[in-house]
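Reading the structure
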Amino acid sequence: MPIEILMPALSPTMTEGKLLKWHKNEGDAVASGDVMAEIETDKATMEVEAVEEGKLGKILVAEGTDNVAVNAPIALLLEDGEDASALDAAPLATAPAPATAPAPAAETAAAPEAAPAPATSAPAPAETEWDGPSVTLTVREALRDAMAEEMRRDPDVFLMGEEVAQYQGAYKISQGLLEEFGAKRVIDTPITEHGFAGVGVGAAFYGLKPIVEFMTFNFAMQAVDHIVNSAAKTRYMSGGQVSSPIVFRGPNGAAARVAAQHSQCYASWYMHLPGLKVVAPWSAADAKGLLKSAIRDPNPVVFLENEVMYGQSFEVPDTDDWTVPIGKAKIVRPGKDVTIAAFSIMVGKALEAAEALAAEGIEAEVIDLRSLRPLDTATIVDSVKKTNRLVFAEEGWPSAGVGAEIAALMMEHAFDWLDAPVKRVCGADVPMPYAANLEKLALPQATNIAEAAKQVCYAK
Amino acid sequence: MLEIRRFEEKAGQMYGMGLIGGFCHLYIGQEAVVIGMQAAVTDRDTVLTSYRDHGHMLARGMDPKGVMAELTGRRGGYSKGKGGSMHMFSQEKGFYGGHGIVAAQVPIGTGIAFAHKYKDENAVCLTYLGDGAINQGQVYESFNMAALWQLPVVYVIENNKYAMGTSIERGSARTDLYHRGHAYGIPGAQVDGMDVVAVKKAGELAVAHARSGKGPYILEMHTYRYRGHSMSDPAKYRTKEEVQKVRQERDPIERLRGVLLDEAGVEEAKLKDIDRKVKAIVTEAAEFAQHSPEPDASELYTDVYA
Ligand SMILES: Cc1ncc(C[n+]2csc(CCOP(=O)(O)OP(=O)(O)O)c2C)c(N)n1
Ligand SMILES: [Mg+2]
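Because the structure is predicted, anything quoted here is derived from the model rather than measured.

Conventions adopted
Residues numbered from 1 in each chain as written. Chains lettered and ligands numbered in written order. Predicted model: local features only at pLDDT ≥ 70, side-chain atom pairs only at ≥ 80, totals over all residues. Heavy atoms only, no water. Buried < 20%, exposed > 50% of the residue type's maximum accessible area, 1.4 Å probe, protein only. Helix = DSSP H or I, 4+ residues; strand = E, 2+ residues; numbered from the N terminus. Pairing = 2+ DSSP bridges. Contact = heavy atoms within 4.5 Å. 1 Å grid on protein atoms, 1.4 Å probe; cavity = no way out; pocket = protein on both sides within 12 Å on 5 of 7 lines; lining within 4 Å. Points joined across faces, edges and corners; volume = space filled by probe spheres on them. Nonpolar A, V, L, I, M, F, W, Y, C, P; charged D, E, K, R; others polar. Domains from an automatic or database assignment. Near = heavy atom within 4 Å. Polar contact = N/O pair within 3.5 Å; in protein donor to acceptor, adjacent residues only side chain to side chain. Areas by Shrake-Rupley, 256 points an atom, 1.4 Å probe, with all protein chains shown as cover.

**What to know about the pairing of strand E8 (residues 73–78) of chain A**
Residue and element names in this part refer to chain A. Within E8, six of the six residues are buried, which leaves it mostly tucked inside the rest of the structure. Pairing of strand E1 (residues 3–6) with E8 involves four bridges; the strand directions are antiparallel. Of the residues in E8, the one forming a bridge with isoleucine 5 is alanine 75. Where strand E6 (residues 54–59) and E8 come together, four bridges link them in antiparallel fashion. Across the sheet, leucine 56 pairs through a bridge with leucine 77, a residue of E8.

**Observations regarding the side chain of serine 283 of chain A**
Residues and elements named next belong to chain A. Looking at the secondary structure, you find serine 283 in the loop between strand E14 (277–279) and helix H9 (284–296). Relative accessible area serves as the criterion here: at 10%, serine 283 is assigned to the buried category. The residues contacting serine 283, other than those within four sequence positions of it, are Val139 and Phe314.

**Describing empty space enclosed by the protein**
Residue and element names in this part refer to chain A. If you walk through the whole model with that rule in mind, you get five cavities of 30 Å³ or more. Of the voids in this model, the largest cavity is the one considered here, and its volume is about 110 Å³. Forming the walls of the largest cavity are 13 residues, and the residues nearest its centre are Ser263, Gln264, Glu395, Trp397 and Met432. Partitioned by chemical class, the residues of the lining of the largest cavity number eight nonpolar, four polar and one charged. Looking at which domains feed residues into the lining of the largest cavity, each of domain 2 (134–317) and domain 3 (330–456) supplies at least three. Each pocket or cavity is described by its volume, and for the second largest cavity that value is around 60 Å³.

**Some remarks on the domain arrangement of chain A**
Its domain assignment divides chain A into domain 1 (3–99), domain 2 (134–317) and domain 3 (330–456). On a C-alpha basis, the centroid separation for the pair domain 1 of chain A and domain 2 of chain A is 57 Å.

**Focus on unusual backbone geometry**
All names here are of chain A. Of the consecutive residues arginine 373 and proline 374, the connecting peptide bond is found in the cis state with omega at -5 degrees. Tracing the sequence through the fold places proline 374 in the loop between strand E20 (371–373) and helix H11 (377–387). Positive phi, close to 55 degrees, is recorded for serine 344, a residue that is not glycine. For serine 344, the location among the structural elements is in the loop between strand E18 (338–342) and helix H10 (345–359).

**So, the site of ligand 1**
All names here are of chain B. Around ligand 1, the structure places 15 residues, and the nearest of them are Tyr51, Arg52, Gly132, Ala133 and Asn160. A distance of 2.8 Å separates an oxygen atom of ligand 1 from a polar atom in the side chain of tyrosine 51. Note that an oxygen atom of ligand 1 is positioned 2.8 Å from one of the backbone N or O atoms of alanine 133. For ligand 1, whose accessible area on its own is 590 Å², the fraction buried by protein is 72%. Split by residue class, the shell around ligand 1 holds seven nonpolar, six polar and two charged.

Written out as structure tokens, the structure is:
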């Protein structure tokens, strides 16, 4: 049977084209790779090469023909040993049913609303209360202990980054780890964030559990391609085969007086991404429990610390098996009049604001989000059902920030319970200034939060 | 090599029929590189490459049906239809992708080599990259770390002379790429990538070096892609004569055919038989890829998290 040569699709968007010119005549021998014809697509003029060998039996579409549909037969090719009489037997013009190109996912899938809840609002996992003995630790010590305990527990866990080994960490988070675990597992890297983030992802693909420390998250911008394109997406792209059990951690947000390129909160950047988990604890107990959960988690986790918090002390459960589930917010101060939600360093400022508000007779409920993805929407909504007012505080910029997402979620899930619009308290919409006074103005303070709370309570 | 060639021709044809969408980068012309290198490694070694990955997967022994069904975006594909031409993986066969970002596979392959060493496995990671990818900064970050930590990785540069429409002369200050590890003390060699026997020999040396704990090795394969960069590339940046000349004088399959017939005394009929078998395998893969159903809509939300 002669082989039908079909009008090919020669670009991702082509549906029809013009048959410009035939390079072979009827009766010509055709070898695979020979240029058969020229076709004008929606993008360019392309040559069509033969894929099969044989003899050009019949041209069905003359050169110069416009609007030839993709998949329409344009010629018949005689195979080895066939002669022209075979052409009569060919079922002329019975083009195969147009190929049913896979419909784009958006059309076949249920509308997102009806689909399983996206990870940003996953049901919160259970958390155990600790009633055993506790010790006072700084956030710095808590993070170090978390890594050390997990490295003792699992030989596949290792730490890599700039100055993490011999220097004991640029911010002394990895103190003592080189001595205990040796150079095989506590690895000083060159200043090559893009490279070592990729090396970490490769090791994770192969089953190791790297902790990649960025000296600060500002430098993770060099490596963001591997966080986004390699770590977060590969599980999906591999149909569930290849995971990236990796933790990217380091200080995020404003330090003090280091100006624009070293003071930025990247929370909303990472929160945007399906496939990643994003954690930003405030207290030492949560820092420890969440870092241990992050290391054990089979998914890539971005773990946002805060330099200013490193030296602050908190009570921490005195055990080497304390974990805090990722995806669970915590009410750090109960109240009935207004909800203030925040994460990382802003939780402290929110508590300060709540103290000030209490002095004026306003009882604020303060929620520490702790995890940003998955986000514990339920805890915020439940609180808003009680207080009917929400203030959200973050260091980052307002535009497409974490607060923007929270406000949208409240429209979707708590609209009927709100007695005032959700109010955001954000970093000033400017690169961080260096001057001390300007820096203070650029960062949200407890007074700004208290002010916002009074506004949504319509109090003076 | 023939299986890759026929598979790619079929993929091109199916793209033309609208059964394969998006980008589709064919490997036609470069087959000797992956086949020669595969002959130099073992099953416990690992491989990864860029988006031009079909040949690497077939050489690795992955099922042509699963590869083709991924190209058509179907359930039976290696990534259940969710990765497509550029993103496929098989842990079973030690194949770690399929990467769409130029050169991103280089640190990742270096990381897999790191894991081989960490786990004391005596395995080697083959990390393929193009003559365009070689100019990315992360490649040198990787070279430095691989040499610093003596990682068992062989970087195979597939110098096919073009990065999309940019010829190597227009993109690289120095065009002899096997030197690129010199500053890090990484040995390198230039290989005729159109000669499968030469590739195997060079590959064995490089792999033995990496396996023995001496660290990374660079192989620059001189090769050529016959087709456009992807299916929608009209390839106006080179002449037809240039392509035709390589096809006639250096084609890796024709060359091996010549060696087999003239020097090894293999009979023509035997080769015809192979032709037939390969054709059947590819036809079966294409059939499977067209009849495997599309992924269930519920798959949209699976495999995001472990
Ligand atoms: C970071 C990045 N930049 C640009 C592209 C677009 N792009 C895809 S392939 C390619 C050319 C790469 O050429 P080469 O490394 O020689 O590989 P070849 O295609 O020849 O196999 C470019 C620029 C990309 N995918 N990723
Ligand atoms: Mg190239």
